[in-house]
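# Coordinate inspection notes
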Amino acid sequence: MRFATILGAVGFATAVLTGGLSTAAHADALERITKEKVLRVAVPQDFPPFGSVGTDMKPVGYDIDTATLLAKEMGAKVELVPVTSANRVPYLTTGKVDLIISSLGKNAEREKVIDFSAAYAPFYNGVFGPDSVKAETVADLDGKTVGVTRGSVEDIELSKVISDKVNVRRYEDNNGTISAFLSGQVELVATGNVVAAAILERKPPRLPNLKFLVKNSPCFIGLGKDEGPLLEKVNAILAKAKTDGSLAAIAEKWLHAPLPKDL
Amino acid sequence: MAYTFDFSSLWDYAPVLVHGVATTVGLTVAGTVLGVGIGIAGAAARSSGNRPLRIAVGAYVELIRNTPFLVQLFFIFFGLPSLGIRMPEWAAAILAMVINLGAYSTEIIRAGIDATPKGQVEAGASLGMTGPQIFRYIILGPAMGKIWPALSSQIVIVMLGSSVCSQIATEELSFAANFIQSRNFRPFEAYFLATALYLALAVGVRWLLARMGHRMFMKGAARA
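Residues numbered from 1 in each chain as written. Chains lettered and ligands numbered in written order. Predicted model: local features only at pLDDT ≥ 70, side-chain atom pairs only at ≥ 80, totals over all residues.

In the nomenclature of an unreviewed UniProt entry, chain B corresponds to Amino acid ABC transporter permease from the organism Azospirillum doebereinerae.

In the nomenclature of an unreviewed UniProt entry, chain A corresponds to Transporter substrate-binding domain-containing protein from the organism Azospirillum doebereinerae.

## What to know about the UniProt feature "domain: Solute-binding protein family 3/N-terminal" (unreviewed entry) in chain A
Put simply, the rule reads: UniProt positions are given in the numbering used here, feature names are shortened, and annotations may be inferred rather than shown by experiment. For helices the rule is a DSSP run of H or I covering at least 4 residues; for strands it is a run of E covering at least 2, with both sets numbered from the N terminus onward.
Annotation from UniProt places "domain: Solute-binding protein family 3/N-terminal" (unreviewed entry) at residues 38-258 of chain A. What you have in residues 38-258 of chain A is 36% helix and 32% strand, and the ends, taken at the C-alpha atoms, are 30 Å apart.

## Notes on the nonpolar core
Burial of nonpolar side chains together is a common tendency in soluble globular proteins. The condition is simple: To form a nonpolar core, buried Ala, Val, Leu, Ile, Met, Phe, Trp, Tyr and Cys residues must be joined through C-beta atoms within 7 Å. Put simply, a residue is buried when 20 or more other C-beta atoms lie within 10 Å of its own C-beta and exposed when 12 or fewer do; between those, it is partly exposed, and each C-beta is set from the backbone. Contact between two residues is assigned whenever their backbone-derived C-beta positions fall within 7 Å.
Formed by 61 residues in total, the largest nonpolar core has its most connected members in Val146 of chain A together with Leu73, Ala93 and Met97 of chain B. In terms of residues, this core owes the most to one element, helix 5 (residues 89-114) of chain B, which gives 13 residues. Residue contacts for Met97 of chain B: discarding those within four places in its chain leaves Leu27, Gly31, Gly35, Val158 and Ser162 of chain B. In terms of nonpolar packing, the next biggest core, distinct from the first, is built from 46 residues, Ile114, Phe220, Ile237 and Leu247 of chain A among them.

## Remarks on the sheet that holds strand 2 (residues 46-47) of chain A
Counted only if it meets this: A pair of strands is labelled paired if DSSP reports no fewer than 2 bridges between them.
Strands sit in the order 2-3-4 (chain A) across an open sheet of three strands; the sheet is antiparallel. In this open sheet, the two edge strands, each paired with only one partner strand, are strand 2 and strand 4 (59-60) of chain A.

## Notes on the UniProt feature "domain: ABC transmembrane type-1" (unreviewed entry) in chain B
Within this numbering scheme, the UniProt entry marks residues 21-210 of chain B as carrying the feature "domain: ABC transmembrane type-1" (unreviewed entry). As annotated, residues 21-210 of chain B comprises 81% helix and 0% strand, and the C-alpha atoms at either end are separated by 21 Å.

## Some details on the interface of chain B and chain A
You'll often see interface size given as the accessible area lost when the parts meet. Threshold: Throughout, the ten residues Ala, Val, Leu, Ile, Met, Phe, Trp, Tyr, Cys and Pro are labelled nonpolar, Asp, Glu, Lys and Arg are labelled charged, and all others, Gly among them, are labelled polar.
At the interface, twelve residues of chain B touch eleven residues of chain A. Among the secondary structure elements, those contributing two or more residues to the side of chain B that touches chain A are helix 4 (69-79) and helix 8 (173-184) of chain B. Counting residues per element, the side of chain B that touches chain A draws most heavily on helix 8 of chain B, at three residues. Looking at the side of chain B that touches chain A residue by residue, the class counts come to five nonpolar, five polar and two charged.

## Quick word on the environment of Arg51 of chain B
Along the chain, Arg51 of chain B falls in helix 3 (residues 51-65). A C-alpha to C-alpha distance of 54 Å links Arg51 of chain B and Glu189 of chain B, two positions 138 residues apart in sequence.

## Topic: the domain arrangement of chain A
In plain terms, the rule: Domain start and end points were adopted from an automatic or database domain assignment.
According to the domain assignment, chain A contains domain 1 (2-122 + 218-255) and domain 2 (124-216). Broken down by class, the residue content of the side of domain 1 of chain A that touches domain 2 of chain A amounts to four nonpolar, no polar and no charged.

## A word on the pairing of strand 9 (residues 145-149) of chain A
Within a regular strand, side chains alternate between the sheet's two faces. Residues and elements named next belong to chain A. Rules: We call a crossover right-handed when, viewed with both strands directed away from the observer, the connection leading from the first strand over the helix to the second proceeds clockwise.
In terms of residue burial, strand 9 counts as a mostly covered element, since five of its five residues are buried. Here strand 9 shows two buried faces, one formed by Thr145, Gly147 and Thr149 and the other by Val146 and Val148. Where strand 9 lies against strand 10 (residues 167-171), five bridges are found, and the strand directions are parallel. Residue pairing in the sheet places Thr145 in a bridge with Asn167 of strand 10. Following the backbone out of strand 9, through helix 7 (residues 153-161) and into the adjacent parallel strand 10, one traces a crossover that is right-handed. One ladder, built from three bridges, connects strand 9 with strand 11 (residues 188-192); its direction is parallel. When the bridges of strand 11 are listed, Val148 appears paired with Ala190.

In structure tokens:
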């Protein structure tokens with residue numbers, strides 16, 4: 001209780017110092033959510049498995065399930081607002097939504113305008129392959145063939161660290177890379193966990209299981225600046241969801257992979 | 001719309017380009033030699049008296065000439081592994097080019113054979129030449145001479161078509177250009193250079209084939 005009071009005071013002081021009246025005016029999002037019992041969340045509708053439109057025209061996905069989970073914990077009804085990756089931050093900064101749960105990555109520019117919760121979803125590029133191929137580190141790739149989509153983040157990052165003993169096959173697009181992996185033309189594939197999940201979904205004969213991470217950039221929930229109480233609440237719910245397995249269930253459902261321990 | 005060219009950024013990638021040009025040339029040479037070989041055999045089969053053989057070769061020619069090269073390439077590289085037939089991308093590229101040029105050159109060479117007057121064949125037979133001898137010395141030579149320009153064009157088309165092989169990660173010239181522009185974000189320069197190199201290669205191949213054709217067939221054609 002005392003901690004909350006102090007935090008509230010700090011939050012108030014920060015609000016006064018940095019933003020003055022206008023910031024302070026919408027620094028009560030949690031209060032409004034509890035009063036109106038509606039949590040407005042910006043979700044993707046064009047980015048499976050995080051968010052896409054289902055057969056009944058309703059958005060479904062990892063982000064939507066996370067939004068529903070948060071709303072339930074807050075005792076509110078979830079109101080899903082479909083956004084694009086370009087307009088999701090403006091939706092939040094103009095107060096049209098309370099949270100962005102839209103596979104949002106953290107970067108310095110975004111941190112200037114919005115706040116971030118703890119990570120809620122894994123998003124990484126890695127090397128994937130069937131269990132029969134042993135590869136735990138970059139050094140293990142020597143002498144193996146690895147398929148990758150040319151010019152992608154994983155291509156650039158992997159090319160920096162591998163030795164020239166690795167036989168990298170670079171394909172024009174994700175389809176080529178996936179086909180090469182599924183047909184066994186390459187032993188391993190470097191791609192995003194989302195792509196690997198999409199392949200696992202179809203249960204092919206060659207399963208792309210994670211070997212090791214190439215670049216990790218997990219997703220965070222975006223909140224308005226100086227929404228101290230809401231941020232605290234969201235982080236508390238996420239922490240609980242991580243321990244009681246409800247977030248792991250969402251990960252298993254949409255990504256077909258366990259939640260990384262360090263998330 | 002002023003655009004400032006910056007070719008200096010390509011210099012770092014010179015080894016990639018050299019490798020790309022060498023691969024394109026290698027694919028073309030292998031594809032041409034084997035493809036024209038299949039073409040000659042196919043044309044001989046199509047002009048032979050063996051009806052099942054004629055039909056089989058005809059089916060091959062129609063199948064290849066009426067499907068896209070890219071699909072043929074994907075069939076070999078991504079499809080055949082399902083049957084346990086797996087080959088590296090360069091082998092798949094050469095195989096696709098050989099099969100493709102084989103079908104087209106079968107038709108081209110057959111046209112040349114059809115244009116050989118029947119009387120010449122009869123003249124050969126009356127001199128006591130065997131069937132293979134007649135084909136080799138009387139039919140094939142003048143036939144190749146007649147269709148050499150058309151065959152040369154097809155070889156150039158196949159060489160330019162090898163750019164499609166970049167889709168299965170064959171590291172030829174188009175792959176090199178795609179690779180470079182994905183790294184230095186200078187697509188105009190990369191493709192400008194690739195275009196120039198293809199043009200130079202095509203002109204070079206045409207010149208070489210014209211010289212070869214002149215040496216091999218001109219004297220014979222004059223006599224024919």
